[in-house]
Amino acid sequence: MNLKIRHGIYFSTLMSLILTSLVVTPAGAEEMTEQKTGVAKEIFAIISAKQHPDLLQPSFANRFDDLDALYKMENYRLLWLGRDDSKKNLAEALNLLANASLHGLNPADYDAELLQRTLPATLALPPENLKKLALYDTALSLSLLRFLHDLHYGRVNPQGIHFNLKPREKKLADLPVLIKAALAQGTLAKLPDTVEPKLLQYQKLKQSLALYRQLDAQYVPFQLLIAKSLRPGDRHPQMQSLKNFLVSVGDLFDNKDQPDPKNADIYANPIRDGVMKFQKRHGLNPDGVIGKSTAAAINIPFKQRITQIELAMERLRWLPEINAGTYIIVNIPAFQLWAFDDIGKPHPGILNMKVVVGKALKNQTPVLMAEMRFIDFMPYWNVPYSIVKDEILPKLSANPQYLEKENMEMVTGFTSDARAVAFTPDAIALLKQGVLKIRQRPGRKNALGRVKFMFPNKEDVYLHDTPANALFSKSRRDFSHGCVRVENPEALAGFALKDQAGWSQENVHMTMKTAKTQRVILKHPIPVLFFYTTSFIDENDSLTFYPDIYGHDEILLEVLKKPQDLSDQSLFISKNTVPPQIIK
């Protein structure tokens, strides 16, 4: 058959089928089909571009997959506009974005005000204005995806700011599926509860955030002015204002009693008790004396405290799910350790003690997660080469008897069969090169004390005892080379071994009294978290605040100011961003 004839028959047949379909299809269906196709093309084009012209942060390369998956499930139709339940769904979605601050997030990051302001004009658009309808619909979807992602995973890649935390697994929250299900079930308002961290610490901080926002809205900022330290019995004209402040933050119960006007300016109980509680909650020595540090803490505005809580919540979003079980947490700026029998219970058995952490200027204790696998009783201290080079070699040059005086020895290595090396000029030369090592024998002077708790990590830090117990009496305790010294090592060893046969608290006590070096392998490794947060809910359910000793709050705030989609990026901080003393 002639090719032209064949094509003519095919074209005639095709036209016949199209005309027949037009006859049998209900009136208006063709127009609707064309509109859907047109909307799909517009939505697909917006998603493919990975740029949204109507949003303050137009690039959405990091949310491209989520946005595409969400619309793919709907065959690239409108999700929010032109539906029977549009009014309810639009209101709930916009309300979630507008109230992002309830979760410690910024509504401006999700174009909440812009989307609310442009909604009336969008609803007034004619149905054929497919591009503008598609732009608004995708803008709302993208903003909701960004909000839910930030709420679940956080806004910043923690490894980019030197927080050595394993990234959360993406399978924990399939955001497009959650949004699609919420739309179908009419449960959009419940989405934040679904994706936010379930950790009790996070939930309690969120409650505290609401309280401090209320305080910031209700109270005029209080500034306590002192020329010298206030002690009980001293007079000060701001005593009533101080009392009101302590009542507002929950450190003093207001019994409504009116003091004798003659004594209203005397600093005495119950105000002193309130000050002591305030001092304890702010990492200060709770002695009831109002010195410069206490006055400075009182004068910090509520807005700054709100920021600290928000940063604490952000950091908790970086953690993997921690729902139950034994756990050990060190909060570095709090100089404290908490050991939980079950971190998932409202009031688990908690062991709390003071710790000493790394020096702020040059030996910062790293943020990390690891598993405690063994405990060494009466350990050797294997001195790091950096300490040998910077501290021990200069002392050896000044005093050749230094090693003997400190119960140290030069050895060929840090293995159990390493042999001691005599003190000679050749040995010193090898020591300088790092070929030979120095270790401190177990005993009274040993820097690790009587026990160390090992959880292998690339930073080579651990928990340990110390002979320098006087340091625990100080309110600021950053004195170590990076490892963490614990105030009550015997109690911590008992905690770690309590479920291990043959290791009662009495056995732990006796082992720490002997001179024998002994390694105990834990049958059940214990997760350990070295964390950094300047706002924390303690074992008494009290909201506590601590100084930003390493400047990590400052760094995180700078990163969060960047006008870009921060999630999923490797944001390594430049030297221009980090204060010089913070760079490791």
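Residues numbered from 1 in each chain as written. Predicted model: local features only at pLDDT ≥ 70, side-chain atom pairs only at ≥ 80, totals over all residues. Heavy atoms only, no water.

1. Regarding the overall build of the protein
Just so we agree on the cut-off: Note on conventions: DSSP H or I runs of at least 4 residues are helices, E runs of at least 2 residues are strands, and numbering of each starts at the N terminus. Here's how the labels work: a residue is buried when its accessible area is under 20% of the maximum for its type, exposed when over 50%, partly exposed in between, all with a 1.4 Å probe on protein chains only. Contacts are assigned to residue pairs with any non-hydrogen atoms lying within 4.5 Å of each other. In these tables, accessible area is a Shrake-Rupley quantity obtained with a 1.4 Å probe, and a residue counts as shielded only by the protein chains included in the view.
A tally of helices and strands in the protein yields 19 helices and 16 strands. The proportion of buried residues among the 584 residues of the protein is 48%. Looking at the protein alone, contacts between residues at least 24 apart form 69% of all its contacts between residues at least 6 apart. Accessible area of the protein: about 29200 Å², with a carbon and sulfur share of 55%.

2. Some thoughts on helix H10 (residues 239–248)
Within the span of H10, buried status applies to Met239, Leu242, Lys243, Phe245, Leu246 and Ser248. Where H10 ends, the next residue or the one after it, glycine 250, has phi of about 85°, a positive value.

3. Quick notes on unusual backbone geometry
Most peptide bonds adopt trans geometry, and most residues besides glycine take a negative phi value. With an omega of 5°, the peptide bond between asparagine 269 and proline 270 qualifies as cis. Along the chain, the position of proline 270 falls in the loop between H10 and helix H11 (271–281). Even without being a glycine, aspartate 111 presents a positive backbone phi close to 50°. One can find aspartate 111 in the loop between helix H4 (86–98) and helix H5 (112–123). The backbone of histidine 162 shows a phi angle near 70°, a positive value even though the residue is not glycine.

4. Some remarks on the packing of H10 against H11
The cut-off we apply is this: Here an axis means a line fitted to C-alpha atoms, over the contact stretch when the element is a helix, while the angle between two N-to-C directions is reported on a 0 to 180 degree scale. In these notes the angle categories are as follows: under 35 degrees is roughly parallel, over 145 is roughly antiparallel, 65 to 115 is roughly perpendicular, and the rest is oblique. Note on convention: near helix rotated counterclockwise from far helix by under a right angle means a left-handed crossing. Clockwise means right-handed. Under the scheme applied, nonpolar residues are Ala, Val, Leu, Ile, Met, Phe, Trp, Tyr, Cys and Pro; charged residues are Asp, Glu, Lys and Arg; polar residues are all the others, including Gly.
Interhelical geometry of H10 versus H11 gives an angle of 50° and a closest axis separation of 10 Å. Judged by the inter-axis angle, H10 sits oblique to H11. Seen from above, H10 lies across H11 with left-handed handedness. Here Met239, Leu242, Lys243, Phe245 and Leu246 of H10 come into contact with H11, specifically with Ile271, Gly274, Val275 and Phe278. Looking at the contact of H10 with H11 residue by residue, the classes come out as 7 nonpolar, 1 polar and 1 charged.

5. Comments concerning the packing of aromatic side chains
Cut-off, in case you're wondering: Within 6.5 Å between ring centres, the rings of Phe, Tyr and Trp (the latter by its six-membered ring) count as paired, and their orientation is classed by plane angle as stacked under 30 degrees, edge-to-face over 60, tilted in between.
One pass over the structure, following the stated rule, counts 12 aromatic pairs. Considering the side-chain rings of phenylalanine 163 and tryptophan 318, the 5.4 Å spacing of their centres and the 90° angle between planes classify their relative orientation as edge-to-face. On the criterion of sequence distance, the pair formed by phenylalanine 163 in strand S1 (residues 163–164) and tryptophan 318 in the loop between helix H13 (302–317) and strand S2 (327–331) is long-range, its members being 155 residues apart. Here phenylalanine 163 matches tryptophan 318 in class, with each residue buried. With a centroid separation of 5.7 Å and 65° between ring planes, the pair formed by tyrosine 212 and phenylalanine 545 is classed as edge-to-face.

6. Focus on the pairing of strand S5 (residues 367–377)
Each regular strand carries side chains that alternate between the two faces of the sheet. Using the following cut-off: In this description, strands pair whenever DSSP reports at least two bridges between them.
Of all 11 residues in S5, 8 are buried; the element is thus mostly enclosed. Bridge count between S1 and S5: 2 bridges; the pairing is parallel. In the strand pairing of S5, asparagine 164 is matched with leucine 368. Across 9 bridges, S5 lies against strand S14 (residues 518–531) in antiparallel orientation. Residue pairing for S14: isoleucine 375 is matched across the bridge by valine 520. Direction of pairing for S5 relative to strand S10 (residues 451–454): antiparallel, over a ladder of 4 bridges. Within S10, the residue paired with isoleucine 375 across the bridge is phenylalanine 453.

7. Here we look at the sheet that holds strand S8 (residues 420–421)
Within the open sheet, the 4 strands sit side by side as S6-S9-S7-S8. Their pairing is antiparallel. Pairing within the sheet leaves two strands with one partner each, and these edge strands are strand S6 (381–382) and S8. Two elements, S6 and strand S9 (residues 437–440), share 2 bridges in a ladder whose sense is antiparallel. Across the sheet, residue asparagine 382 finds its bridge partner in S9, namely arginine 439. Its contacts with the sheet put helix H16 (residues 425–433) on strand S7 (408–411), S8 and S9, and the angle it makes with S7 is roughly 85°.

8. Quick look at the confidence of the model for the protein
The cut-off we apply is this: The predictor attaches a confidence to each residue, called pLDDT, with possible values from 0 through 100.
Across the protein, the average pLDDT comes to 88, with 89% of residues at or above 70. Below pLDDT 50 for its whole length, residues 1–35 participates in 5 contacts with residues either more than four positions away or in separate chains. The low-confidence segment residues 566–584 (pLDDT under 50) makes 45 contacts with residues lying over four places distant or belonging to another chain.

9. A closer look at the pattern of salt bridges
Put simply, the test is: Within this document, salt bridges are pairs made up of a side-chain nitrogen of Lys or Arg and a carboxyl oxygen of Asp or Glu, the two lying within 4 Å of each other.
Within the structure shown, the criterion is met by 25 salt bridges. Between arginine 213 and glutamate 310 there is a salt bridge; the shortest N-O distance is 2.5 Å. Within this pair, whereas arginine 213 is found in helix H9 (residues 200–218), its partner glutamate 310 is found in helix H13, the two being separated by 97 residues in sequence. Residue class for arginine 213 comes out partly exposed when judged on its relative accessible area of 27%.

10. Concerning the side chain of arginine 485
Put simply, the test is: His residues and chain termini do not enter the charge count, which takes Lys and Arg as positive and Asp and Glu as negative.
Residue position: arginine 485 is located in strand S13 (residues 484–486). Buried arginine 485, no salt bridge; nearest opposite-charge side chain is glutamate 391, N-O distance 8.7 Å.

11. Quick notes on the pairing of S14
Sheet topology note: the S2/S14 ladder contains 4 bridges and is parallel. Its bridge partner being in S14, asparagine 331 is matched across the sheet by phenylalanine 531.

12. Notes on the packing of helix H3 (residues 64–72) against helix H7 (residues 175–185)
Taken N-terminus to C-terminus, the directions of H3 and H7 make an angle of 35°; their axes are 8 Å apart at the nearest point. The crossing of H3 and H7 is right-handed. Together, Asp66, Ala69 and Leu70 of H3 and Leu175, Pro176, Ile179 and Lys180 of H7 make up the contact between the two elements. In terms of residue class, the contact of H3 with H7 is made up of 5 nonpolar, no polar and 2 charged.

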